[in-house]
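A look at the structure
The primary structure of each chain is shown beneath.
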Amino acid sequence: MASPRGAETDPRVLTGANVVLPTGTVKNGTVAIDGTRIAGAPLADAAVLDVSGHWLVPGFVDLHNHGGGGASFSGTAEQILTAIRTHRAHGTTTLVASTVTDEMDLLVRQAGLLSELAEQGDIAGIHFEGPFISPCRKGAHSEALLRHPEPAEVRKLIDAARGQARMLTLAAELPGGIDSVRLLAEHGVIAAIGHTDATYEQTVDAIEAGATVATHLFNAMPALGHRTPGPVAALLEDERVTVELINDGTHLHPAALELAFHHAGADRVAFITDAMDAAGIGDGRYMLGPLEVEVSEGVARLVEGGSIAGSTLTLDRAFKRAVTVDRLPVEHAVKALSANPARLLGLSDRVGSLEPGKDADLVLLDADFDVRGVMRHGKWVVAPQLG
C-alpha cells in the first residue's frame, strides 16, 4: 500500500503567473507539481494557488559561494548548513560551496566535510578557489599560503573531495598550471581560470588544455588592453568558456557587464555571488579564511590592504539588478542564474528550467522582482507571500 502524502507533497498547481520557460515567457501560465517534481499536466486532485501578477522562474544555481548568514563554507557542518539556508531563502536552490586559500591539510579536511554534505544533497559539490593562484592577483587570499598548481598537489584536493569536486580555480601560467588543467579535465572537474596574471596567449593555451570557466571575469586578472589583451579577451572570445559575473554594482561597471553579454552571449554567462559570511546579515567584521574583513555599506574589503573580499550578494539581488538596472531581458537573466550554471555542472536534466520531470525548484517573484516564495524539491522553503 502506498503511504499517504503530506500536504507539502500533495499535487499542486500554481496558476496565473508569468512563467519563464526555455522557449520564452508564458503569460497567465501554469506550473503543475507532483511530489518533488514538475508535472506535465495538473492532476485531478491538485490544490490550486493563484499567483497572478507574479513571475515564476527556476530556482537559482550558484557556482561560486563562500558563505552567508554569518557562516562560512570553511566552517563546521552546522555553520555550513546556516549558510545554505540563508541563500535558499533568497532563491538559490542549488549551490556549490567554495573554499578559500588555507593550509593544504585544512583544505583536505574541509573537502571531506563538504563531500559528506554533497552526498546528502545539501550542496551540489565543491569549488576550490585557491591556493593555486597568482600572488600578483591574490585578492582576498593569504599570499603566504599560495602555492604552484603542481598536479600532485591538485590531485590531493580532488581525492579529498571523494567525487564531489566540481570546480577548481587556478592561475594556469604558474608552474604546473597547464598540466593541472589537463588533470582536472580528465577527472571531470571544471578548470576555471582566475586570480591570474596570464597573457592572452597563456590563457588560450589553458583553454586548449581544457579550461572552461572564467572565475569572476574582469576581477583579479589584468585589464583588457589594446596591445596586451590579456585573459579577458581570450575568455570572452572562446565559445567553450562560461564567464562568471558578480552583478552587485561594486565588482563590475554596468558597461563591463554589457560588454561581457555582448561578446559571450546570453548562453555563456553565469551570475555568481562570490558571497562571504556577511551575505544576508549586514555590515561588521568577519573572517574570510585566515583574513579579517570589514563590511561597510554592503561592500566587503580586507582590513589590511583594502582589497575587495568577496561580496555580500544574494542571487535574488543579482536577478533584480539584471532586469531593472542592466535592462536585460528576464529570459537572459534566467539563463545566467539557472540554465547556464546547471548545464555547466551537468545538472540540466534535473534543475535550471521549469520543465516536466525536473526537480520542483522555483522562485516566485512579484512585479518588482522581489522574492515572494521559494520552493525546493516540491517543498516551500519560503512560503508564498501574496498579500
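Structure: see above.
Presented here is a report on the structure given in the accompanying data block. Residue positions are given per chain, counting from 1 as you read along its sequence in written order. Note on the predicted model: pLDDT of at least 70 is required for a residue's local features to be given, and 80 or more for side-chain atom pairs to be given and counted; whole-chain, interface and lining totals, by contrast, use all residues. Side-chain measures here rest on the full set of heavy atoms in the structure, leaving out hydrogens and waters.

Another point: the overall build of the protein. In terms of helices and strands, the protein carries nine helices and 21 strands. Expressed as lengths along the three principal axes of its C-alpha atoms, the size of the protein is roughly 65 × 45 × 40 Å. Partly exposed residues are those whose accessible area sits between 20% and 50% of the maximum for their type, while under 20% is buried and over 50% is exposed, using a 1.4 Å probe and protein chains only. Put simply, the protein has 387 residues, and 56% of those count as buried. Residue contacts follow a heavy-atom distance rule, with two residues in contact if any of their heavy atoms lie within 4.5 Å. Partitioning the intrachain contacts of the protein with sequence separation of at least 6 by distance along the chain shows that 69% fall at a separation of at least 24. Computed by Shrake-Rupley with a 1.4 Å probe, the accessible areas treat only the displayed protein chains as cover when residues are assessed. Total accessible area on the protein stands at roughly 15,400 Å², and carbon and sulfur atoms take up 50% of it. Under this rule, positive means Lys or Arg and negative means Asp or Glu; His and the chain ends count for nothing. Here the site of a charge means atom NZ of a Lys, CZ of an Arg, CG of an Asp or CD of a Glu. Within the protein, the 49 negative side-chain charges are centred at a point lying 3 Å from the centre of the 31 positive side-chain charges. Every helix listed is a DSSP run of H or I at least four residues long, and every strand listed is a run of E at least two residues long, numbered separately from the N terminus.

With that settled, the discussion passes to the packing of helix α1 (residues 77-88) against helix α2 (residues 104-119). Here an angle of 0 to 180 degrees is reported between the N-to-C directions of two axes, which are lines fitted to C-alpha atoms, with helices fitted over the stretch in contact. Two elements in contact, α1 and α2, have axes whose closest approach is 11 Å; the angle formed by their N-to-C orientations is 55°. It follows that α1 is oblique to α2 by the angle criterion. The two elements α1 and α2 meet at a crossing, and its hand is right-handed. In contact with Ala77, Ile80 and Leu81 of α1, α2 contributes Gln110, Leu113, Leu114 and Leu117. Here the term charged refers only to Asp, Glu, Lys and Arg, the term nonpolar to Ala, Val, Leu, Ile, Met, Phe, Trp, Tyr, Cys and Pro, and the term polar to all other amino acids, Gly among them. Here the contact of α1 with α2 is composed, by residue class, of six nonpolar, one polar and no charged. Should an angle fall under 35 degrees it is taken as roughly parallel, and over 145 as roughly antiparallel, whereas 65 to 115 is taken as roughly perpendicular and any remaining angle as oblique. Crossing handedness: left-handed means the near helix sits turned counterclockwise from the far one by under a right angle, and right-handed means the same turn made clockwise.

Now for the sheet that holds strand β16 (residues 284-288). In a beta sheet, neighbouring strands pair by backbone hydrogen bonds and run either parallel or antiparallel. The criterion for strand pairing is that DSSP finds at least two bridges linking the strands in question. Read from one edge of the open sheet, three strands run β16-β17-β18, paired in antiparallel fashion. Each of the sheet's edge strands pairs with one partner strand only, and the pair in question is β16 and β18 (299-302). Between one strand axis and the next, the sheet turns through 35° on average, direction left out of account.

We now examine the sheet that holds strand β11 (residues 165-170). Within the open sheet, the eight strands sit side by side as β6-β9-β10-β11-β12-β13-β14-β15. Their pairing is parallel. A strand with exactly one partner marks an edge of an open sheet, and here the two such strands are β6 (60-65) and β15 (269-272). Bridge count between β11 and strand β12 (residues 190-193): four bridges; the pairing is parallel. In the sheet register, leucine 168 faces β12, and the bridge partner there is alanine 191.

To continue, consider the packing of aromatic side chains. Two measures describe an aromatic ring pair: the distance that separates the ring centres and the angle between the ring planes. Between the rings of Phe, Tyr and Trp (Trp by its six-membered ring), a pair exists once the centres lie within 6.5 Å; its type follows the angle of the planes, with under 30 degrees stacked, over 60 edge-to-face, and the other angles tilted. Counted by the stated rule, this structure contains four aromatic pairs. With 5.4 Å between their ring centres and 35° between their planes, tryptophan 55 and phenylalanine 369 make a pair best called tilted. You can see tryptophan 55 sitting in strand β5 (residues 55-58) and its partner phenylalanine 369 sitting in the loop between β19 (362-365) and β20 (371-376), a full 314 residues away along the chain. You can call tryptophan 55 buried: its relative accessible area is 16%. On the basis of relative accessibility, which here comes to 12%, the residue phenylalanine 369 falls in the buried class. Judged by centre distance (6.2 Å) and plane angle (40°), the rings of phenylalanine 319 and phenylalanine 369 are tilted. Of this pair, phenylalanine 319 sits in helix α8 (residues 315-324) while phenylalanine 369 sits in the loop between β19 and β20, and the two are 50 residues apart along the sequence. Phenylalanine 319 gets classed as buried once you look at its relative accessible area, which sits at 1%. Three or more aromatic residues link up through ring pairs in this structure, and these residues are Trp55, Phe60, Phe319 and Phe369.

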